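Each chain, letter by letter, is given below.
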Amino acid sequence: MSQLKAARYHESLTSALTQAQAHRSSRRAALRTSLVATGGAAIVLTGPSVFGFRSAMAQDFAGPVDVLNYALTLEHLEATFYREFNDEFSAMDIESAGFGSNVRGRLESIEAHEAEHVDVLVTVIDSLGGTPVTEAMYNFGVTDVDSYIATAQVLENLGTGAYTGAAQFLIDEDDLLTAALTIHGVEARHASYLNVLNGDSPFPEAFETALTPAEVLAAAGPLIVSEMPDTGTGAGTDAPGLGTYAALGALGLGAAAVVARTRESRTREEAVAVRA
Amino acid sequence: MPALHTLFMNAISEERNLQVSRRTLLGTGSKLAIGGTAAMVAMSSPAFARLVAAQAFTDDLDVLNYALTLEHLEYAFYRDGLAGYSADVFDDGVYDNLIDIRDHEDAHVDALISTINDLGGTPVEEAEYDFGYQNAAGFLAVAAALENTGVSAYDGAAASIENVAILNAAGSIVAVEARHASYLNLINGDDPFPAAFETPLSRDEILAIAGPFIVG
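Residues numbered from 1 in each chain as written. Chains lettered and ligands numbered in written order. Predicted model: local features only at pLDDT ≥ 70, side-chain atom pairs only at ≥ 80, totals over all residues. Heavy atoms only, no water.

**Things to note about the overall build of chain B**
Our working rule: Counting from the N terminus, the helices are DSSP H or I runs at least four residues long and the strands are E runs at least two residues long. Burial classes: relative accessible area under 20% of the type maximum marks a residue as buried, over 50% as exposed, and values in between as partly exposed (1.4 Å probe, protein chains only). Here, residues are in contact when the closest pair of their heavy atoms is within 4.5 Å.
Within chain B, the secondary structure is distributed over 8 helices and 0 strands. Ordered by position from the N terminus, the helices and strands of chain B form the series α-α-α-α-α-α-α-α. Going through the 216 residues of chain B one by one, you find that 62% of them count as buried. Here the analysis covers contacts within chain B between residues at least 6 apart in sequence; of these, 83% occur between residues at least 24 apart.

Here's what the structure looks like:
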């Protein structure tokens, strides 16, 4: 992969996150002022934001199955990612790259979680009479342990933002909402840990940034290079699905979230978790 | 559809039971006071499937004040606790992250109060607390218990929220609580993500956990 492609990819993958982060200060300001300044229950009931949030766009999804397939699309991507690179990189590879001896086990744990998320989502979508999206083919552009860990960080933070943004579409489905949130919290835990591993703050802001499906699609799309031959088209709606992702992937953006990390930051987990 | 939703819950419940059988959700924080012990018991209970059916909240204001009760407790814990410790009693970098957590809880309190006021409600006030820790290690253990409990509280209450904007706000808070919980588990030597799914807890279960901390 060329340097240019790598740079373009990195820019693409992180743009949704950084764009949202750019709203951080205004979001914080909104916390303390907008609710009061714009006043009253009416703004909460009908207005565009609480805590600086954008309002729900009900037309983003045709129904619960579409929301679940949206989640499943991301979980497939994550599950495949960890399966592939936990297989490719040995425990010794990871330690040789400067990470602590417990990191390998954590990555295996995350892999297992993502696989469980996939299994549950597939089961439920089937049960609801929908067609679960299937695993696609991906190009994560990972070339070494460093880029593996850096990409994992991006994916987990992206996933957390995606669930934060999508939960609202399940507001009329209490059980599904609760279930989705139980996944959401675990993605946030992964993100926190991977931030630490990459030398970043585990919790960079007081309120999680919600990402819209469009933002998530823009970030994850380049990783998806094609649908598998037997892949269906999801629930047959206009919700973001693999077809759209594949189209974005066809733009030719490569994949390599290589973020320079210092040896110091890589051993962060050992510094903060000496008893782990 | 309800039966199918139940299937989702059951599938997750089964997954979690597998996890619970291998470990306690809050790890082995031996220095936990009674509240933490209660947390470990409550979080191991198979309460998940019947949780959503429980309508413990009268309206969104009730949910918001419930959340505020917990955020008051968390903020007071970090504010008062960190005032008694210098950075050098913790491992490198930990103190700064604890300060960040304190500030997050402060922001959560402020935002919840503003929202409750805007809705015409009366925000609950901060209470007096006794967290029972004796030293920095005990402080960190209680911190982990509080954060993990907070995640379960939000996850258990979210389905009772009727307003989309409030649900979004709760979702943006619970993710940060989960990030805190992950980090605090890590620095306590526990698994940052001990299960594939969080454990939602009912209002009664949460109050049983948090209640012992509230002394006045």
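**Brief notes about the overall build of chain A**
Helix and strand counts for chain A come out as 12 helices and 2 strands. Helices and strands appear in chain A in the N-to-C order α-α-α-α-α-α-β-α-α-α-β-α-α-α. For chain A, buried positions account for 59% of its 276 residues. When contacts within chain A are restricted to residue pairs at least 6 apart in sequence, long-range pairs at least 24 apart make up 85% of them.

**Some thoughts on the pattern of salt bridges**
Residues and elements named next belong to chain B. The cut-off we apply is this: Should a side-chain nitrogen of Lys or Arg be within 4 Å of a carboxyl oxygen of Asp or Glu, the pair is scored as a salt bridge.
Per the counting criterion, the structure on display carries 8 salt bridges over all chains. Ionic pairing is found between E126 and R79, a salt bridge with its closest N-O pair at 2.7 Å. Taken together, the residues span a long stretch of sequence, with E126 in the loop between α5 (94-118) and α6 (136-157) and R79 in helix α4 (residues 60-83) at a distance of 47 residues. For R79, a relative accessible area of 27% gives the class partly exposed. Sharing partners across several salt bridges, the network here consists of R79, D80 and E126.

**Comments concerning the packing of α5(B) against helix α7 (residues 164-187) of chain B**
What describes two packed helices is the angle between their axes and the distance between those same axes. Residue and element names in this part refer to chain B. Applied cut-off: Simply put, an axis is a line fit to the C-alpha atoms, just over the touching stretch for a helix, and the angle between two N-to-C directions goes from 0 to 180 degrees. Roughly parallel refers to an angle under 35 degrees, roughly antiparallel to one over 145, roughly perpendicular to one between 65 and 115, and oblique to any angle outside these ranges. Should the near helix be turned anticlockwise from the far one by less than a right angle, the crossing is left-handed, and should it be turned clockwise, the crossing is right-handed.
Relative to each other, α5 and α7 sit at 155°, their axes nearing to 11 Å. The orientation of α5 relative to α7 falls into the category roughly antiparallel. In this structure, the crossing between α5 and α7 has a hand that is left-handed. Residues V94, N97, L98, I101, H104, E105 and H108 of α5 lie in contact with α7, whose contacting residues are I173, V176, E177, H180, Y183, L184 and I187.

**Some points on empty space enclosed by the protein**
Residues and elements named next belong to chain A. Note the threshold: Whether a set of points on the 1 Å grid over the protein atoms alone is a cavity depends on a 1.4 Å probe fitting there but being unable to get out, while an open set qualifies as a pocket with protein on both sides within 12 Å along at least five of seven lines; lining residues are those with an atom within 4 Å of a point. Grid points are joined across faces, edges and corners, and a volume is the space filled by probe spheres set on the points.
Across all of its chains, the model carries 7 cavities of 30 Å³ or more by this definition. Space inside the second largest cavity adds up to approximately 100 Å³. Lining the second largest cavity are 13 residues, with V67, A71, Y163, A166 and A180 positioned closest to its centre. Secondary structure elements with two or more residues in the lining of the second largest cavity: α4 (64-88), α7 (145-166) and α8 (174-197). Take the lining of the second largest cavity: its biggest share by element is 5 residues, from α4.

**What to know about the packing of aromatic side chains**
The cut-off we apply is this: Stacked, tilted and edge-to-face are the three classes applied to pairs of Phe, Tyr and Trp rings, where Trp contributes its six-membered ring and a pair requires centres within 6.5 Å; stacked means planes under 30 degrees apart, edge-to-face means over 60, and tilted covers the rest.
Under the defined criterion, the tally for this structure stands at 27 aromatic pairs over all chains. Measuring from centroid to centroid gives 5.0 Å for F81(A) and F140(A), while their planes differ by 70°, and the two rings are edge-to-face. With F81(A) in helix α4 and F140(A) in the loop between β1 (136-138) and α7, this residue pair connects regions lying 59 residues apart in the sequence. Of the residues examined, F81(A) reaches a relative accessible area of 0% and is grouped as buried. With 4.4 Å between their ring centres and 10° between their planes, F77(B) and F139(B) make a pair best called stacked. Pair noted here: F77(B) is in helix α4 and F139(B) is in helix α6, with a separation of 62 residues, a long-range link. The class of F77(B) is buried, set by a relative accessible area of 0%. Looking at F139(B), the relative accessible area reads 0%, which means it is buried. Through successive ring pairs, a cluster of aromatic residues spans F77(B), Y78(B), Y85(B), F90(B), Y95(B), Y129(B), F131(B), Y133(B), F139(B) and F213(B).

**A look at the packing of helix α6 (residues 103-127) of chain A against α8(A)**
Residues and elements named next belong to chain A. Short version of the rule: When residues are grouped by polarity, Ala, Val, Leu, Ile, Met, Phe, Trp, Tyr, Cys and Pro land in nonpolar, Asp, Glu, Lys and Arg in charged, and all others, Gly among them, in polar.
Closest axis-to-axis distance for the α6/α8 pair is 12 Å, and the angle between their directions is 160°. Our classification of the angle between α6 and α8 gives roughly antiparallel. The handedness of the crossing between α6 and α8 comes out as left-handed. Note on element contacts: α8 touches α6 through L176, I183, V186, E187, H190, Y193, L194 and L197, opposite V103, R106, L107, I110, H113, E114, H117 and V124. Of the residues in the contact of α6 with α8, the class split is 10 nonpolar, 3 polar and 3 charged.

**So, α6(A)**
Where we set the bar: The span expected for a helix works out to 1.5 Å for each residue beyond the first.
With 25 residues, α6(A) should reach 36 Å at 1.5 Å per residue; the first-to-last C-alpha distance of 36 Å fits that figure. A positive backbone phi angle near 85° is found at G129(A), which sits one or two residues after α6(A).

**Quick notes on the nonpolar core**
As a reminder of what qualifies: Take the buried residues of types Ala, Val, Leu, Ile, Met, Phe, Trp, Tyr and Cys, join any two whose side-chain atoms come within 4.5 Å, and each joined set is a nonpolar core.
Ranked by size, the top nonpolar core spans 122 residues in total, and within it L98(B) and L184(B) carry the most contacts. Once residues lying within four places of it in the same chain are set aside, the contact partners of L98(B) are Y78(B), L82(B), F90(B), F139(B), L140(B) and L184(B).

**Regarding a negative patch on the surface**
Residues and elements named next belong to chain A. What counts is decided by this rule: Only residues whose relative accessible area exceeds 30% and that take part in no salt bridge are eligible for patches, with like-charged residues grouped when within 9 Å of each other and nonpolar side chains (Val, Leu, Ile, Met, Phe, Trp, Tyr) grouped when within 5 Å. Surface accessibility follows the Shrake-Rupley procedure with a 1.4 Å probe radius. Residue values consider only the protein chains on display as shielding. Charge assignment: positive for Lys and Arg, negative for Asp and Glu; neither His nor the chain ends contribute. Charge placement uses NZ in Lys and CZ in Arg. For Asp and Glu, CG and CD serve respectively.
Together, E84, D87, E88 and D93 give the surface a local cluster of negative charge. At 3 residues, α4 tops the list of elements feeding residues into the negative patch. When its relative accessible area of 68% is taken as the criterion, D87 is described as exposed.

**Regarding the confidence of the model for chain A**
For any part of a model where pLDDT is low, the fine detail of the predicted coordinates should not be relied upon. Residues and elements named next belong to chain A. Rule in force here: In predicted models, pLDDT denotes the confidence assigned by the predictor to each residue on a 0 to 100 scale.
When pLDDT is averaged along chain A, the result is 72, and 61% of the positions lie at 70 or above. Taken together, the stretch residues 1-58 has pLDDT below 50 and engages in 107 contacts with residues farther than four places along the chain or on a different chain. Ignoring residues within four places in sequence, the model shows residues 229-276, a span with pLDDT below 50, making 117 contacts including any to other chains.

**Details of the environment of L170(A)**
Residue and element names in this part refer to chain A. Tracing the backbone through its elements, the reader meets L170 in the loop between α7 and α8. Sequence-wise, L170 and G100 are 70 residues apart; in three dimensions their C-alpha atoms are separated by 39 Å. With near-sequence residues (within four places) excluded, L170 lies in contact with P64, V67, L176, L177 and A180.

**Regarding helix α8 (residues 203-210) of chain B**
Along an α-helix, a turn takes 3.6 residues, which lines up residues three or four apart on a common side. Here is the rule we go by: Working note: the arc is built from the helix axis to C-beta atom directions.
Within the span of α8(B), buried status applies to R203(B), E205(B), I206(B), I209(B) and A210(B). The arc enclosing the buried residues of α8(B), seen along the axis, measures out at 160°, which places them on a common side.

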